[in-house]
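# Descriptive structure summary
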Amino acid sequence: MQEQKIKFAVVGCGHIGKRHAEMISRNEECELVAMVDVKEHQQLNIDSFQVPFFNSLENFLASGIDTDVINIATPNGFHASQALQCLDARKHVVIEKPMALNKQDAEKVIYKALNVHKHVFTVMQNRYSPPSVWIKELVESGRLGKIFIVQLNCYWNRDERYYKPDSWHGSKDLDGGTLFTQFSHFTDIMYWLFGDIENIRSRFGHFNHAGLTEFEDSGFVSFDFVNGGIGCINYSTSVWDHNLESSMTIIAEHGSVKIGGQYMNQVEYCHIKDYTMPELKPTNPGNDYGAYKGSAQNHHYVIENVVAVLKGRAAISTNALEGLKVVDIIERIYTSGL
Ligand SMILES: NC(=O)c1ccc[n+]([C@@H]2O[C@H](COP(=O)([O-])OP(=O)(O)OC[C@H]3O[C@@H](n4cnc5c(N)ncnc54)[C@H](O)[C@@H]3O)[C@@H](O)[C@H]2O)c1
């Protein structure tokens, strides 16, 4: 295994599936062995990959092509069922965010993975951005003291240029909701830093997405952290024309921090007792969706982690339980709406 290349297949060859394929192809320890999508090959702009192509996951699994890992980059509503199919075929899986659209489905995936002794990697690549790495170390060092308040503000634009009629975006079954598709990275960072939440109170708004989405476009969510302190997530995709910000403000016993930018890519404020902020490397640019910027272009780290785990060099950086917790938190936010 040490010298062998890890063989990957990618299911779903849209914006993000192509990034997976690209990052796999660029990694010397990896080999891309197949791509799968329900669309026709010529519609997908994947000629450069030159690997066997299949029109369904079933057909690919039946092909017998030797594969170690299957990366699932299809619409959210397919993640859990496709992960179960891949695990049944005794493959490791990398599941794009969100891992599932409800906790029960995420549990089924974990249960199956344990049964067949295969790994589940979930994708939360914003954790690798320099401000995220820095704040994780800072929080874990205890230097901030007790956490009093954490405020997440996620204000983006997603309008008819994004919610196109033929797209899965906006559908309850395949997209799931604004917190699942747009803001699960930020929920993940909050959970990763401060742990679980309870006593959730949510209010949702439906301002300007009638006919575009089957769910809310905005919300105010407040809660307690199980570990102490209170928090809130304020979010909207109703911002006119382009993204405004994604930020996290932390008010703690020994100092305050604000991480901001469009996708929490820069530290805007840091004032902590007996502490000087180190210089951070710039964050990779956001994934490009035409007029839109999304999360950071860090998928190469995800692929590197898969290789490192399968070759026994590292632990999973975002494991299935963490993927499940993000789904669980979002599901509880949605069910605690006023
Ligand atoms: N990690 C990130 O930062 C990030 C960013 C954007 C999207 N995503 C996630 O990646 C996934 C894909 O998003 P996208 O923006 O690439 O969407 P997309 O619409 O560009 O691509 C999805 C592809 O999946 C294909 N597909 C649909 N049903 C299929 C099926 N049953 N089997 C095989 N292929 C199927 C579609 O034909 C399409 O080509 C979503 O889950 C999304 O939440 C993650």
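Before reading on, note that the structure itself is shown above.
Scope of this entry: the structure provided in the associated data block. The shown structure was predicted, so the numbers you read here are calculated from the model rather than taken from an experiment.

### Some remarks on the environment of V93
Within the secondary structure, V93 sits in strand β5 (residues 92-95). Here V93 falls in the buried class, since 28 other C-beta atoms lie within 10 Å of it. Remark: the alpha-carbon pair of V93 and H41, spanning 52 residues in sequence, is separated by 23 Å. When sequence neighbours within four positions are dropped, the list of residues in contact with V93 reads I70, I72, A83, C86, L87 and V120.

### A short note on the sheet that holds strand β6 (residues 120-122)
The six strands are arranged β3-β2-β1-β4-β5-β6 in an open sheet whose pairing can be described as parallel. The open sheet has two edge strands, β3 (53-54) and β6, and neither has a second partner. Pairing of β5 with β6, which is carried by three bridges, proceeds in the parallel orientation. Note that in β6 the partner of I95 across the bridge is T122. Those strands touched by helix α1 (residues 15-26) are β1 (6-11), β2 (30-36) and β4 (69-72), and its axis lies near 155 degrees from that of β2.

### Topic: unusual backbone geometry
Of note, the bond from K97 into P98 is cis; its omega dihedral lies within 30 degrees of zero at -10 degrees. Along the chain, the position of P98 falls in the loop between β5 and α4 (103-116). With a phi close to 55 degrees, N45 is a non-glycine residue in the positive phi region. Positioned with a positive phi, H117 is a non-glycine residue whose angle comes to about 60 degrees. Tracing the backbone through its elements, the reader meets H117 in the loop between α4 and β6.

### Description of the nonpolar core
Judged by nonpolar contacts, the single largest core of 79 residues is most densely connected at F8, A9, V10, V36, A83, V93 and V94. When residues of this core are assigned to their parent elements, the largest contribution, eight residues, is made by helix α9 (residues 320-335). Setting aside residues up to four positions removed in sequence, V94 forms contacts with V69, N71, I72, F121, V123, V302 and V306.

### Quick word on the packing of helix α5 (residues 130-141) against helix α7 (residues 184-194)
At a minimum axis distance of 9 Å, the contact between α5 and α7 shows a crossing angle of 25 degrees. Taken as axis vectors, α5 and α7 run roughly parallel relative to one another. With respect to the hand of their crossing, α5 and α7 are arranged in right-handed fashion. The segment α5 lies against α7, with S132, I135, K136 and V139 engaging I189, W192 and L193. Of the residues assigned to the contact of α5 with α7, the class counts are five nonpolar, one polar and one charged.

The rules we used
- Residues numbered from 1 in each chain as written.
- Predicted model: local features only at pLDDT ≥ 70, side-chain atom pairs only at ≥ 80, totals over all residues.
- Helix = DSSP H or I, 4+ residues; strand = E, 2+ residues; numbered from the N terminus.
- Buried ≥ 20, exposed ≤ 12 C-beta atoms within 10 Å, placed from the backbone.
- Contact = placed C-beta atoms within 7 Å.
- Pairing = 2+ DSSP bridges.
- Axes fitted to C-alpha atoms, helices over the stretch in contact; angles between N-to-C directions.
- Core = buried A, V, L, I, M, F, W, Y, C linked by C-beta atoms within 7 Å.
- Parallel < 35°, antiparallel > 145°, perpendicular 65-115°, else oblique.
- Left-handed = near helix turned anticlockwise from the far one by under 90°.
- Nonpolar A, V, L, I, M, F, W, Y, C, P; charged D, E, K, R; others polar.

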